[in-house]
Amino acid sequence: MAAEFEILNDQAHRNLAIRSDAGVAHPHFVMIVLGEFPAAASACPIFLAKDPATGEFYAAALFGFEPGETLFEAGEKAATFRPLELQRQGFHVADENIAVQPGHPRFGAGADIALFDDGGTPTEALRKIQMILGQLHSGIHETRAFIGELLRLRLVEPLDISLTFDDGKRLDLDGLYTVSRDGLNDLPDVEIAALFRKGYLQAAMCMTFSLNQIAVLARRRNARLLA
């Protein structure tokens, strides 16, 4: 394990505290797992993309059309969906343990939420982190299985998205994939039933329905330009 990571324990990290937020800027594209699809689909589009290092597909939610842009405000639906990947910032799974990055901004200025009480017992904040890491750990495996099934059934198709905004700027979103609606409609009943039993049919429909959020984000971007 890299030196910047430390296994969390109640002795060495008795006084370690965290911020309520991630401590870093909200990314415009965030990895999510299968259990997050329903909440994500009501707030932002969900896509598949390829990890540039491995070439493997992963699922992610889009919060803005380019790096540094997040198109939601406090109180809006998108603001109420916080991906697990952001909630766990500064913490990682290390075999059966939790590892922390003490140098991560989450532990920096403004960190006032204790991880352990005076007796060394995990606080509610740390228990929540433990739950988040557990959901992520299992969710990553579930999502890989879901994507593997989509690939087996040849339901993954690339998207060609080109957007022009009121300031004349054109943005092309490359390297994004979704579930083929035509492919779903053409599946034999036995495959549809199998997807349904595994919970994959709902996830696939969440992905297709979430594409409606692209227009919502585009309108929000144009409104910001006018403001």
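The paragraphs below set out a description of the structure included in this document. The shown structure was predicted, so the numbers you read here are calculated from the model rather than taken from an experiment.

Considerations on the overall build of the protein chain
The secondary structure content of the protein chain amounts to 8 helices and 12 strands. Expressed as lengths along the three principal axes of its C-alpha atoms, the size of the protein chain is roughly 60 × 50 × 30 Å. When each of the 227 residues of the protein chain is scored for burial, the buried share is 45%. Nonlocal contacts in the protein chain, meaning residues at least 24 apart in sequence, comprise 70% of its contacts between residues at least 6 apart.

Side note on the pattern of salt bridges
Tallying each qualifying case throughout the model produces 9 salt bridges. Across the pair E85 and R88 runs a salt bridge whose closest N-O atoms are separated by 2.6 Å. We classify E85 as buried; its relative accessible area is 17%. The exposure class assigned to R88 is buried, which follows from its relative accessible area of 13%. Between E191 and R152 there is a salt bridge; the shortest N-O distance is 3.1 Å. Highlighted residues: E191 in helix α6 (residues 189–198) and R152 in helix α4 (residues 124–152), separated in sequence by 39 residues. Its relative accessible area of 19% is what places E191 among the buried residues. Taking relative accessible area as the criterion, R152 reaches 47% and is therefore assigned partly exposed.

Some points on the packing of aromatic side chains
In this structure the tally under the stated criterion is 7 aromatic pairs. Ring centres 6.4 Å apart and planes at 65° place the aromatic pair F29 and Y58 in the edge-to-face group. Here F29 is found in strand β3 (residues 29–31), whereas its partner Y58 is found in strand β5 (residues 57–62), with 29 residues between them in sequence. Aromatic pair F146 and Y200: ring centres 5.4 Å apart, planes at 65°, arrangement edge-to-face. In this pair, F146 is assigned in helix α4 and Y200 in helix α7 (residues 200–210), connecting sequence segments 54 residues apart. Y200 matches F146 in its accessibility class, with the two residues each being buried. Through successive ring pairs, a cluster of aromatic residues spans F37, F146 and Y200. The ring of F165 carries the charged tip of R221 above its face, separated from the ring centre by 4.5 Å.

A word on the sheet that holds strand β6 (residues 91–94)
Judged by pairing direction, the sheet is antiparallel, and its 3 strands sit side by side in the order β1-β7-β6 without closing on themselves. Edge strands, defined here as strands with exactly one partner in the open sheet, are β1 (6–7) and β6. Sheet topology places β6 next to strand β7 (residues 97–100); 4 bridges connect them, and they run antiparallel. Each residue of the ladder has a partner; that of V93, found in β7, is I98. Packed onto the sheet, α4 meets β6 and β7 and runs at close to 60° relative to β6.

Considerations on the state of the cysteines
Under the definition given, this model contains 0 disulfides. Note on C44: no disulfide assigned, nearest cysteine sulfur contributed by C206 at a separation of 12 Å. Judged by its relative accessible area of 11%, C206 is buried.

Cut-off values and rules
- Residues numbered from 1 in each chain as written.
- Predicted model: local features only at pLDDT ≥ 70, side-chain atom pairs only at ≥ 80, totals over all residues.
- Heavy atoms only, no water.
- Helix = DSSP H or I, 4+ residues; strand = E, 2+ residues; numbered from the N terminus.
- Buried < 20%, exposed > 50% of the residue type's maximum accessible area, 1.4 Å probe, protein only.
- Contact = heavy atoms within 4.5 Å.
- Salt bridge = Lys/Arg side-chain N within 4 Å of Asp/Glu carboxyl O.
- Phe/Tyr/Trp six-rings, centres within 6.5 Å; stacked < 30°, edge-to-face > 60°.
- Lys NZ or Arg CZ within 6 Å of the ring centre and 35° of its normal.
- Pairing = 2+ DSSP bridges.
- Axes fitted to C-alpha atoms, helices over the stretch in contact; angles between N-to-C directions.
- Disulfide = S-S within 2.5 Å.

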